[in-house]
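This is what each chain is made of:
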Amino acid sequence: MTELVFLRHGLTDWNVERRMQGRRDIPLNDEGRAMVAEWRLPQELSGCPITSSPLIRCRETAEILKSAHPGLGPIETDPRLMEKSWGIWEGRNLHEMEASVGPEIHNPDHRPEQGESRRDMLGRVGAFLADIATRSG
């Protein structure tokens, strides 16, 4: 059986400002870097590979974890793990989107202009998970 551990990246300035980052390549802030440096992973994860979104905030998180846990396996990136594309809404907050679009914004098939729907995002993440299951099966 394949076991997976999912970790979210550390804080960015846009997280603090409650702005939708989406595909914008926003780095961790100093608080986010310090936060990740304090994370401790179980010894059982020694040797496990790290697969990260290619976005800088995720790669930084993976690199900080790897330096604190040198027994972890190699770091790879996969674009299927990128955050949902919010299209023209990136950089704005959810309340602005709700005020402009209404409750439709929460529909899993709602696709912001130049962005992707939640269903689109889940499809690509599902394809990544299927590949992982096949590789280790």
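The structure displayed is predicted, hence computed values, not measured ones.

J.: Could you clarify how one ought to interpret the overall build of the protein chain in this entry?
T.: The secondary structure content of the protein chain amounts to five helices and two strands. Helices and strands appear in the protein chain in the N-to-C order α-α-β-α-β-α-α. In terms of principal-axis extent, the alpha carbons of the protein chain reach across some 50 × 40 × 20 Å. Out of the 137 residues in the protein chain, the part that is buried amounts to 37%.

J.: Sorry if this is basic, but what is going on with the packing of helix α2 (residues 30-38) against helix α3 (residues 56-68) here?
T.: It is at 9 Å that the axes of α2 and α3 come closest, and there the two elements cross at 40°. The pairing of α2 with α3 is recorded here as oblique in orientation. Note on packing geometry: the crossing formed by α2 with α3 is right-handed. From α2, R33, V36 and A37 reach across to α3, where they touch E60, T61, I64 and L65.

J.: For this particular structure, what's the right way to read the packing of aromatic side chains?
T.: In this description, an aromatic ring pair is defined by two values, namely the gap between the centres and the angle between the planes. Scanning the model with the defined rule gives zero aromatic pairs in all. The aromatic ring of W86 is capped on one face by K84, whose charged end is 3.6 Å from the ring centroid.

J.: It is not clear to me how α3 should be interpreted in this structure. Could you clarify?
T.: Helical geometry note: an α-helix holds 3.6 residues per turn, so side chains three or four residues apart project in the same direction. Taking 1.5 Å per residue, 13 residues should reach 18 Å; α3 reaches 18 Å between its end C-alpha atoms and fits that length. What α3 keeps buried is the set R57, C58, E60, T61, A62, I64 and L65. The elements touched by buried residues of α3 are α2, β1 (50-52) and β2 (75-77).

J.: I tried to follow helix α4 (residues 94-101) on my own but got confused; where do I start?
T.: By the N-cap criterion, in which a side-chain oxygen at the helix start approaches the backbone nitrogen of a residue two or three places on, α4 is capped by N93, the distance to H95 being 2.9 Å. One or two residues past the end of α4 sits G102, with phi positive at roughly 90°.

J.: I tried to follow a nonpolar patch on the surface on my own but got confused; where do I start?
T.: Judged by side-chain polarity, L4, F6 and L129 come together as a nonpolar surface patch covering roughly 290 Å² of accessible area. Turning to its location among the elements, L129 is positioned in helix α5 (residues 118-136).

J.: Any chance you could explain the environment of P112 here in plain terms?
T.: Residue placement: P112 occurs in the loop between α4 and α5. Note: C-alpha distance between P112 and I64 (48 residues apart in sequence) is 33 Å. Those residues in contact with P112 that lie beyond four places of it in its chain are K84, S85, W86 and W89.

J.: Looking at this structure, how should I read the nonpolar core?
T.: Side chains of nonpolar character tend, in soluble globular proteins, to be buried together. Grouped together as the largest cluster of nonpolar side chains are nine residues: L28, V36, L41, L45, I50, A62, I64, L65 and L72. Among the elements that make up this core, the one with the highest residue count is α3 (three residues). Those residues in contact with L72 that lie beyond four places of it in its chain are L41, L45, G47, C48, I50, L65 and K66. In this structure, W86, W89, M97 and I105 belong to the second largest nonpolar core, which totals five residues.

Calculation notes
Residues numbered from 1 in each chain as written. Predicted model: local features only at pLDDT ≥ 70, side-chain atom pairs only at ≥ 80, totals over all residues. Heavy atoms only, no water. Helix = DSSP H or I, 4+ residues; strand = E, 2+ residues; numbered from the N terminus. Buried < 20%, exposed > 50% of the residue type's maximum accessible area, 1.4 Å probe, protein only. Axes fitted to C-alpha atoms, helices over the stretch in contact; angles between N-to-C directions. Parallel < 35°, antiparallel > 145°, perpendicular 65-115°, else oblique. Left-handed = near helix turned anticlockwise from the far one by under 90°. Contact = heavy atoms within 4.5 Å. Phe/Tyr/Trp six-rings, centres within 6.5 Å; stacked < 30°, edge-to-face > 60°. Lys NZ or Arg CZ within 6 Å of the ring centre and 35° of its normal. Expected span 1.5 Å × (residues − 1). Polar contact = N/O pair within 3.5 Å; in protein donor to acceptor, adjacent residues only side chain to side chain. Patch = residues over 30% accessible without salt bridge, like charges linked within 9 Å, V, L, I, M, F, W, Y side chains within 5 Å. Areas by Shrake-Rupley, 256 points an atom, 1.4 Å probe, with all protein chains shown as cover. Salt bridge = Lys/Arg side-chain N within 4 Å of Asp/Glu carboxyl O. Core = buried A, V, L, I, M, F, W, Y, C linked by side-chain atoms within 4.5 Å.

Shape descriptors only; they carry no functional weight alone.
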